[in-house]
Amino acid sequence: MTDLIKTEVRETTGVITLDRPKALNSLNPEMARAIDATLKQWRNDDAIAQVVVQSAGKHFCSGGDVRAAREGILDGRSTEVDAFFADEYAMNLDIANYPKPYIALCNGVIMGGGMGISAHGSHMVVTEDAFASMPEMNIGYVTDVGMSWLLQNLPKRPSLPLGKFLALTGYRLTPDDMLATGLATHKVASLDGVLDGIVAEGPGYLDTVAIAPGESELFSLYDGIEHTFQGSWAEIQENLDGELAELVAKRTAQASPSALAAAAELFAANATQDLAGALDNERRLGALMTREPDFAEGVRAVLVDKDQSPNFAPQPEPGKYRDVLRN
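Conventions used here
Every chain is numbered on its own, with residues counted from 1 as its sequence reads. Side-chain atom pairs in this predicted model are given and counted only at pLDDT of 80 or more, local residue features only at pLDDT of at least 70, and totals for whole chains, interfaces and linings cover all residues. Derived side-chain values reflect all non-hydrogen atoms in the structure, with water molecules and hydrogen atoms excluded from consideration. Secondary structure elements are defined from DSSP: runs of H or I of at least 4 residues count as helices, runs of E of at least 2 residues count as strands, and each element is numbered from the N terminus. Our radius of gyration is a C-alpha quantity, and the globule rule it is checked against amounts to 2.2 Å times the number of residues to the power 0.38. Two residues qualify as a contact provided that any one of their heavy atoms is within 4.5 Å of a heavy atom in the partner residue. Computed with the Shrake-Rupley method and a 1.4 Å probe, the accessible areas treat only the protein chains shown as cover for residues. Side-chain rings of Phe, Tyr and Trp, where Trp is taken by its six-membered ring, are said to pair if the distance between their centres is within 6.5 Å; with planes under 30 degrees apart they count as stacked, over 60 as edge-to-face, and otherwise as tilted. Buried, partly exposed and exposed residues are distinguished by accessible area as a fraction of the type maximum, computed with a 1.4 Å probe on protein chains only: under 20%, between the cut-offs, and over 50%, respectively. Here, over-ring charges are defined by two tests on the NZ atom of lysine or the CZ atom of arginine: distance to the ring centre within 6 Å, and angle to the ring normal within 35 degrees. Two strands pair if DSSP finds at least two bridges between them. Each axis is a line fitted through C-alpha atoms, taken for helices only over the stretch in contact, and angles between the N-to-C directions span 0 to 180 degrees. Should a side-chain nitrogen of Lys or Arg be within 4 Å of a carboxyl oxygen of Asp or Glu, the pair is scored as a salt bridge. Note on terminology: a nonpolar core comprises buried Ala, Val, Leu, Ile, Met, Phe, Trp, Tyr and Cys residues joined through side-chain atoms within 4.5 Å.

**Q** Can you walk me through the overall build of the chain in this structure?
**A** If you tally the helices and strands in the chain, you get 16 helices and 8 strands. Its C-alpha radius of gyration of 19 Å places the chain within 12% of the 20 Å reference for a compact globule of 327 residues. Oriented by its inertia axes, the alpha-carbon framework of the chain measures out at about 55 × 45 × 35 Å. Taking all contacts inside the chain whose residues are at least 6 apart in sequence as the whole, residues at least 24 apart take part in 72%. Here the chain has roughly 13600 Å² of accessible surface; of this, 48% comes from carbon and sulfur atoms.

This is the structure we're talking about:
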(Lines give C-alpha, C1' and ligand atoms only; values in the text may rest on other atoms or scores of the structure.)
Protein backbone atom coordinates (compact mmCIF):
# COMPACT_ATOMS: atom_id res chain seq x y z
CA MET A 1 0.00 0.00 0.00
CA THR A 2 0.98 3.66 -0.14
CA ASP A 3 0.52 6.77 1.96
CA LEU A 4 -0.71 8.54 -1.19
CA ILE A 5 -4.06 6.72 -0.96
CA LYS A 6 -6.25 6.97 2.14
CA THR A 7 -9.05 4.49 2.72
CA GLU A 8 -11.78 4.35 5.34
CA VAL A 9 -15.21 2.86 5.87
CA ARG A 10 -17.93 5.20 7.07
CA GLU A 11 -21.00 3.21 8.01
CA THR A 12 -21.75 1.37 4.75
CA THR A 13 -19.65 3.60 2.48
CA GLY A 14 -16.11 2.75 1.47
CA VAL A 15 -14.11 5.93 0.84
CA ILE A 16 -10.92 6.18 -1.22
CA THR A 17 -9.07 9.51 -1.14
CA LEU A 18 -6.26 10.41 -3.53
CA ASP A 19 -3.70 12.24 -1.41
CA ARG A 20 -0.98 13.54 -3.69
CA PRO A 21 -2.11 17.15 -4.09
CA LYS A 22 1.31 18.62 -4.96
CA ALA A 23 1.31 16.41 -8.08
CA LEU A 24 -2.37 17.17 -8.79
CA ASN A 25 -3.10 13.65 -7.52
CA SER A 26 -1.53 12.03 -10.58
CA LEU A 27 -1.57 8.24 -10.31
CA ASN A 28 1.70 6.39 -9.91
CA PRO A 29 1.87 2.57 -9.99
CA GLU A 30 1.67 2.25 -6.19
CA MET A 31 -1.48 4.39 -6.06
CA ALA A 32 -3.17 2.47 -8.86
CA ARG A 33 -2.36 -0.86 -7.19
CA ALA A 34 -3.69 0.42 -3.86
CA ILE A 35 -6.97 1.56 -5.41
CA ASP A 36 -7.37 -1.73 -7.25
CA ALA A 37 -6.65 -3.82 -4.15
CA THR A 38 -9.13 -1.81 -2.08
CA LEU A 39 -11.87 -2.13 -4.68
CA LYS A 40 -11.32 -5.88 -4.87
CA GLN A 41 -11.51 -6.14 -1.09
CA TRP A 42 -14.77 -4.21 -0.91
CA ARG A 43 -16.35 -5.84 -3.95
CA ASN A 44 -17.69 -8.85 -2.07
CA ASP A 45 -17.90 -7.25 1.37
CA ASP A 46 -21.58 -7.18 2.33
CA ALA A 47 -20.88 -4.41 4.84
CA ILE A 48 -19.98 -2.03 1.96
CA ALA A 49 -23.02 -0.70 0.11
CA GLN A 50 -21.28 1.88 -2.08
CA VAL A 51 -17.83 3.26 -2.84
CA VAL A 52 -16.82 6.91 -3.07
CA VAL A 53 -13.59 8.10 -4.71
CA GLN A 54 -12.47 11.65 -3.95
CA SER A 55 -9.28 13.68 -3.73
CA ALA A 56 -7.37 15.90 -1.35
CA GLY A 57 -6.74 19.41 -2.61
CA LYS A 58 -8.27 21.50 -5.37
CA HIS A 59 -7.96 18.95 -8.16
CA PHE A 60 -9.34 15.45 -8.61
CA CYS A 61 -6.60 13.84 -10.72
CA SER A 62 -4.37 15.11 -13.52
CA GLY A 63 -3.72 11.66 -14.99
CA GLY A 64 -1.21 8.86 -14.79
CA ASP A 65 2.39 9.49 -13.81
CA VAL A 66 3.80 9.51 -17.35
CA ARG A 67 7.04 11.04 -16.15
CA ALA A 68 7.74 7.77 -14.37
CA ALA A 69 6.74 5.88 -17.52
CA ARG A 70 9.16 7.95 -19.58
CA GLU A 71 11.98 7.24 -17.12
CA GLY A 72 11.19 3.55 -17.33
CA ILE A 73 11.38 3.56 -21.12
CA LEU A 74 14.65 5.51 -21.16
CA ASP A 75 16.12 3.15 -18.54
CA GLY A 76 15.26 0.09 -20.62
CA ARG A 77 12.40 -1.04 -18.37
CA SER A 78 9.76 -1.06 -21.10
CA THR A 79 8.14 -4.31 -19.93
CA GLU A 80 7.65 -2.75 -16.49
CA VAL A 81 5.94 0.25 -18.11
CA ASP A 82 3.77 -2.09 -20.18
CA ALA A 83 2.73 -3.90 -17.01
CA PHE A 84 1.72 -0.64 -15.29
CA PHE A 85 -0.54 0.36 -18.16
CA ALA A 86 -2.03 -3.15 -18.41
CA ASP A 87 -2.81 -3.19 -14.68
CA GLU A 88 -4.35 0.28 -14.84
CA TYR A 89 -6.58 -0.69 -17.77
CA ALA A 90 -7.71 -3.85 -15.97
CA MET A 91 -8.71 -1.64 -13.03
CA ASN A 92 -10.67 0.64 -15.37
CA LEU A 93 -12.65 -2.36 -16.63
CA ASP A 94 -13.31 -3.52 -13.08
CA ILE A 95 -14.66 -0.06 -12.19
CA ALA A 96 -16.99 -0.14 -15.20
CA ASN A 97 -18.28 -3.54 -14.08
CA TYR A 98 -18.34 -2.80 -10.35
CA PRO A 99 -21.41 -4.43 -8.75
CA LYS A 100 -22.04 -1.57 -6.30
CA PRO A 101 -22.60 2.15 -6.77
CA TYR A 102 -19.23 3.74 -7.54
CA ILE A 103 -19.33 7.48 -7.01
CA ALA A 104 -16.53 9.84 -8.06
CA LEU A 105 -16.53 13.31 -6.49
CA CYS A 106 -14.57 15.49 -8.91
CA ASN A 107 -13.32 19.03 -8.66
CA GLY A 108 -10.75 20.95 -10.67
CA VAL A 109 -8.67 18.94 -13.13
CA ILE A 110 -9.97 15.57 -14.38
CA MET A 111 -7.54 14.33 -17.02
CA GLY A 112 -6.14 11.10 -18.40
CA GLY A 113 -6.03 8.45 -15.69
CA GLY A 114 -8.30 10.65 -13.59
CA MET A 115 -11.01 10.03 -16.16
CA GLY A 116 -10.34 6.32 -15.90
CA ILE A 117 -11.15 6.22 -12.18
CA SER A 118 -14.19 8.51 -12.44
CA ALA A 119 -16.03 8.32 -15.76
CA HIS A 120 -16.45 4.52 -15.74
CA GLY A 121 -18.31 4.52 -12.44
CA SER A 122 -22.06 4.64 -11.90
CA HIS A 123 -22.00 8.27 -10.68
CA MET A 124 -19.63 11.08 -11.67
CA VAL A 125 -20.24 14.26 -9.69
CA VAL A 126 -18.53 17.47 -10.85
CA THR A 127 -18.23 20.90 -9.34
CA GLU A 128 -18.66 24.13 -11.26
CA ASP A 129 -14.88 24.61 -11.44
CA ALA A 130 -14.19 21.16 -12.87
CA PHE A 131 -13.02 20.40 -16.40
CA ALA A 132 -12.26 17.12 -18.15
CA SER A 133 -9.77 16.49 -20.92
CA MET A 134 -7.70 13.76 -22.56
CA PRO A 135 -4.51 15.61 -23.60
CA GLU A 136 -2.41 12.62 -24.64
CA MET A 137 -1.69 13.98 -28.13
CA ASN A 138 0.68 16.55 -26.62
CA ILE A 139 2.88 13.88 -25.06
CA GLY A 140 3.07 11.56 -28.06
CA TYR A 141 0.68 9.00 -26.62
CA VAL A 142 -2.87 7.92 -27.42
CA THR A 143 -6.25 8.17 -25.71
CA ASP A 144 -6.38 5.43 -23.10
CA VAL A 145 -7.98 4.25 -19.81
CA GLY A 146 -10.97 3.15 -21.88
CA MET A 147 -11.78 6.66 -23.07
CA SER A 148 -11.18 5.72 -26.71
CA TRP A 149 -14.38 3.70 -26.23
CA LEU A 150 -16.36 5.87 -23.82
CA LEU A 151 -15.85 9.16 -25.67
CA GLN A 152 -17.54 7.68 -28.73
CA ASN A 153 -20.24 6.00 -26.62
CA LEU A 154 -21.28 8.87 -24.35
CA PRO A 155 -24.73 8.09 -22.90
CA LYS A 156 -26.43 11.22 -24.21
CA ARG A 157 -24.36 11.77 -27.36
CA PRO A 158 -22.89 8.56 -28.82
CA SER A 159 -20.81 9.52 -31.84
CA LEU A 160 -17.54 8.31 -33.36
CA PRO A 161 -16.75 11.76 -34.86
CA LEU A 162 -17.40 13.45 -31.51
CA GLY A 163 -15.15 10.98 -29.73
CA LYS A 164 -12.37 11.62 -32.23
CA PHE A 165 -12.76 15.37 -31.84
CA LEU A 166 -12.59 15.26 -28.05
CA ALA A 167 -9.51 13.04 -28.11
CA LEU A 168 -7.53 14.53 -30.97
CA THR A 169 -7.98 18.11 -29.81
CA GLY A 170 -7.80 17.44 -26.07
CA TYR A 171 -10.94 19.61 -25.84
CA ARG A 172 -11.68 20.75 -22.30
CA LEU A 173 -15.18 19.70 -21.36
CA THR A 174 -16.97 22.06 -19.00
CA PRO A 175 -19.29 20.70 -16.30
CA ASP A 176 -22.24 21.52 -18.56
CA ASP A 177 -20.58 19.75 -21.49
CA MET A 178 -20.13 16.72 -19.26
CA LEU A 179 -23.78 16.76 -18.25
CA ALA A 180 -25.01 17.32 -21.81
CA THR A 181 -23.06 14.33 -23.13
CA GLY A 182 -23.76 12.12 -20.12
CA LEU A 183 -20.11 11.89 -19.10
CA ALA A 184 -21.10 13.29 -15.70
CA THR A 185 -24.29 12.43 -13.85
CA HIS A 186 -24.54 15.39 -11.43
CA LYS A 187 -23.23 18.93 -11.02
CA VAL A 188 -22.98 20.47 -7.56
CA ALA A 189 -22.06 23.95 -6.37
CA SER A 190 -19.50 22.51 -3.95
CA LEU A 191 -18.37 19.16 -2.63
CA ASP A 192 -18.76 20.41 0.94
CA GLY A 193 -21.00 17.98 2.78
CA VAL A 194 -21.62 15.75 -0.25
CA LEU A 195 -19.74 12.78 1.16
CA ASP A 196 -21.60 13.14 4.46
CA GLY A 197 -24.90 13.12 2.57
CA ILE A 198 -23.98 9.99 0.64
CA VAL A 199 -22.94 8.23 3.87
CA ALA A 200 -26.25 9.15 5.48
CA GLU A 201 -28.65 8.65 2.59
CA GLY A 202 -26.88 6.74 -0.19
CA PRO A 203 -26.46 7.78 -3.84
CA GLY A 204 -30.00 9.18 -3.96
CA TYR A 205 -28.74 12.11 -1.92
CA LEU A 206 -27.05 13.44 -5.04
CA ASP A 207 -30.38 14.20 -6.69
CA THR A 208 -31.27 16.51 -3.80
CA VAL A 209 -28.13 18.68 -4.10
CA ALA A 210 -27.58 18.66 -7.85
CA ILE A 211 -27.88 22.03 -9.57
CA ALA A 212 -29.47 22.61 -12.96
CA PRO A 213 -27.24 22.37 -16.02
CA GLY A 214 -26.30 25.47 -17.94
CA GLU A 215 -25.58 25.82 -21.64
CA SER A 216 -23.10 23.39 -23.18
CA GLU A 217 -20.45 25.20 -25.22
CA LEU A 218 -19.78 21.97 -27.09
CA PHE A 219 -23.35 21.85 -28.44
CA SER A 220 -22.69 24.52 -31.09
CA LEU A 221 -19.86 22.44 -32.57
CA TYR A 222 -21.79 19.18 -33.04
CA ASP A 223 -22.80 19.63 -36.69
CA GLY A 224 -19.34 20.62 -37.84
CA ILE A 225 -17.74 17.78 -35.90
CA GLU A 226 -20.10 15.16 -37.35
CA HIS A 227 -19.31 16.34 -40.89
CA THR A 228 -15.57 16.73 -40.43
CA PHE A 229 -14.18 14.10 -38.08
CA GLN A 230 -14.56 11.16 -40.43
CA GLY A 231 -11.80 8.79 -41.51
CA SER A 232 -8.08 9.08 -40.83
CA TRP A 233 -6.36 12.11 -39.34
CA ALA A 234 -5.15 13.07 -42.83
CA GLU A 235 -8.74 12.93 -44.11
CA ILE A 236 -9.96 14.99 -41.16
CA GLN A 237 -7.33 17.62 -41.94
CA GLU A 238 -8.58 17.82 -45.51
CA ASN A 239 -12.19 18.26 -44.36
CA LEU A 240 -11.53 21.05 -41.87
CA ASP A 241 -12.56 24.59 -42.70
CA GLY A 242 -13.90 27.77 -41.13
CA GLU A 243 -14.05 28.36 -37.39
CA LEU A 244 -13.77 24.66 -36.59
CA ALA A 245 -10.50 24.51 -38.53
CA GLU A 246 -9.17 27.42 -36.48
CA LEU A 247 -10.19 25.75 -33.22
CA VAL A 248 -8.62 22.43 -34.19
CA ALA A 249 -5.42 24.11 -35.38
CA LYS A 250 -5.11 25.90 -32.05
CA ARG A 251 -5.85 22.81 -30.00
CA THR A 252 -3.41 20.58 -31.96
CA ALA A 253 -0.61 23.11 -32.44
CA GLN A 254 1.65 21.29 -29.95
CA ALA A 255 0.36 17.78 -30.63
CA SER A 256 2.45 14.91 -31.92
CA PRO A 257 1.53 14.21 -35.58
CA SER A 258 2.20 10.53 -34.91
CA ALA A 259 -0.16 10.48 -31.93
CA LEU A 260 -2.89 12.19 -33.96
CA ALA A 261 -2.57 9.63 -36.74
CA ALA A 262 -2.49 6.73 -34.27
CA ALA A 263 -5.44 7.92 -32.17
CA ALA A 264 -7.68 8.31 -35.21
CA GLU A 265 -6.98 4.67 -36.09
CA LEU A 266 -7.61 3.60 -32.49
CA PHE A 267 -11.04 5.22 -32.43
CA ALA A 268 -11.99 3.64 -35.76
CA ALA A 269 -10.96 0.19 -34.57
CA ASN A 270 -12.77 0.59 -31.25
CA ALA A 271 -16.03 1.57 -32.94
CA THR A 272 -16.70 -2.17 -33.23
CA GLN A 273 -15.34 -3.18 -29.83
CA ASP A 274 -16.81 -3.40 -26.35
CA LEU A 275 -14.93 -1.74 -23.50
CA ALA A 276 -12.77 -4.79 -22.81
CA GLY A 277 -11.74 -5.02 -26.46
CA ALA A 278 -11.10 -1.29 -26.61
CA LEU A 279 -8.84 -1.42 -23.55
CA ASP A 280 -6.92 -4.28 -25.13
CA ASN A 281 -6.42 -2.18 -28.27
CA GLU A 282 -5.22 0.72 -26.14
CA ARG A 283 -2.69 -1.60 -24.51
CA ARG A 284 -1.45 -2.89 -27.87
CA LEU A 285 -1.11 0.53 -29.43
CA GLY A 286 0.23 2.12 -26.25
CA ALA A 287 3.13 -0.33 -26.17
CA LEU A 288 4.10 0.83 -29.66
CA MET A 289 3.69 4.52 -28.85
CA THR A 290 5.87 4.48 -25.71
CA ARG A 291 8.71 3.03 -27.77
CA GLU A 292 8.55 5.77 -30.39
CA PRO A 293 10.70 8.91 -29.82
CA ASP A 294 7.68 11.22 -29.65
CA PHE A 295 6.60 9.84 -26.27
CA ALA A 296 9.85 10.62 -24.46
CA GLU A 297 10.08 13.95 -26.26
CA GLY A 298 6.49 14.94 -25.57
CA VAL A 299 6.69 14.14 -21.85
CA ARG A 300 10.00 16.03 -21.70
CA ALA A 301 8.53 19.16 -23.30
CA VAL A 302 5.29 19.17 -21.28
CA LEU A 303 6.23 17.75 -17.89
CA VAL A 304 10.01 17.56 -17.44
CA ASP A 305 11.64 20.65 -18.97
CA LYS A 306 8.25 22.30 -19.46
CA ASP A 307 9.50 24.34 -22.41
CA GLN A 308 6.40 23.40 -24.45
CA SER A 309 8.65 23.09 -27.52
CA PRO A 310 8.71 19.43 -28.54
CA ASN A 311 10.67 18.26 -31.55
CA PHE A 312 8.23 15.72 -32.94
CA ALA A 313 8.66 13.40 -35.91
CA PRO A 314 6.86 14.20 -39.19
CA GLN A 315 3.33 12.86 -39.68
CA PRO A 316 3.56 9.17 -40.62
CA GLU A 317 1.35 6.93 -42.67
CA PRO A 318 -1.13 5.30 -40.29
CA GLY A 319 -0.67 1.73 -41.47
CA LYS A 320 1.80 0.74 -38.76
CA TYR A 321 -0.71 1.74 -36.11
CA ARG A 322 -3.62 0.08 -37.84
CA ASP A 323 -1.67 -3.18 -38.04
CA VAL A 324 -1.48 -3.65 -34.24
CA LEU A 325 -5.20 -3.04 -33.65
CA ARG A 326 -8.02 -5.56 -33.62
CA ASN A 327 -11.18 -4.57 -35.48
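**Q** Sorry if this is basic, but what is going on with the packing of aromatic side chains here?
**A** Each aromatic ring pair is characterised by the separation of its centres together with the angle its planes make. Summed over all chains, the structure comprises 8 aromatic pairs. Considering the side-chain rings of Tyr141 and Phe295, the 5.8 Å spacing of their centres and the 55° angle between planes classify their relative orientation as tilted. Taken together, the positions of Tyr141 in the loop between β7 (131–133) and α5 (147–150) and Phe295 in helix α15 (residues 293–304) put the pair 154 residues apart, joining distant regions of the chain. In this structure Tyr141 comes out as buried when scored by relative accessible area, which is 2%. Every member of this aromatic cluster is reached through a ring pair, and the members are Phe84, Phe85, Tyr89, Tyr141 and Phe295. Its guanidinium or amino end placed over the ring of Tyr222, Arg157 lies 3.9 Å from that ring's centre, counting from NZ or CZ.

**Q** Just to check I follow, could you spell out the sheet that holds strand β6 (residues 123–127) for this structure?
**A** By way of backbone hydrogen bonds, the strands of a sheet pair with one another, either parallel or antiparallel. Taken together, 6 strands build an open sheet; the order of strands is β1-β2-β3-β4-β6-β8 and the sheet is mixed. The sheet is open, and its two edges are formed by β1 (5–10) and β8 (186–188), each paired on a single side. Taken pair by pair, the neighbouring strands of this sheet meet at an average axis angle of 20°, ignoring direction.

**Q** Help me understand the pattern of salt bridges, please; the structure alone is not making it clear to me.
**A** Side chains that differ in charge, positive against negative, can pair when their charged atoms come close. Per the counting criterion, the structure on display carries 18 salt bridges. The closest approach of N and O atoms between Arg20 and Asp65, which form a salt bridge, is 3.4 Å. On the criterion of sequence distance, the pair formed by Arg20 in the loop between β2 (13–18) and α1 (29–43) and Asp65 in the loop between β3 (50–55) and α2 (66–74) is long-range, its members being 45 residues apart. Measuring nitrogen to oxygen at the nearest pair gives 3.0 Å for the salt bridge that ties Asp280 to Arg284. Remark: Arg284 and Asp280 occur in helix α14 (residues 275–290); sequence separation between them is 4 residues, near one turn of the helix. Salt bridges sharing common partners tie together Asp280, Arg283, Arg284 and Arg326.

**Q** Explain the nonpolar core here, please?
**A** Among soluble globular proteins, nonpolar side chains are generally buried collectively. Formed by 85 residues in total, the largest nonpolar core has its most connected members in Ile110, Phe165, Met178, Leu183 and Leu218. Those residues in contact with Phe165, other than ones at most four positions away along the chain, are Gly170, Tyr171, Leu218, Leu221, Ile225, Phe229, Leu244, Leu247 and Val248. Judged by nonpolar contacts, the second largest core, of 12 residues, contains Leu105, Val125, Val199 and Leu206.

Keep in mind these values describe shape, not function.
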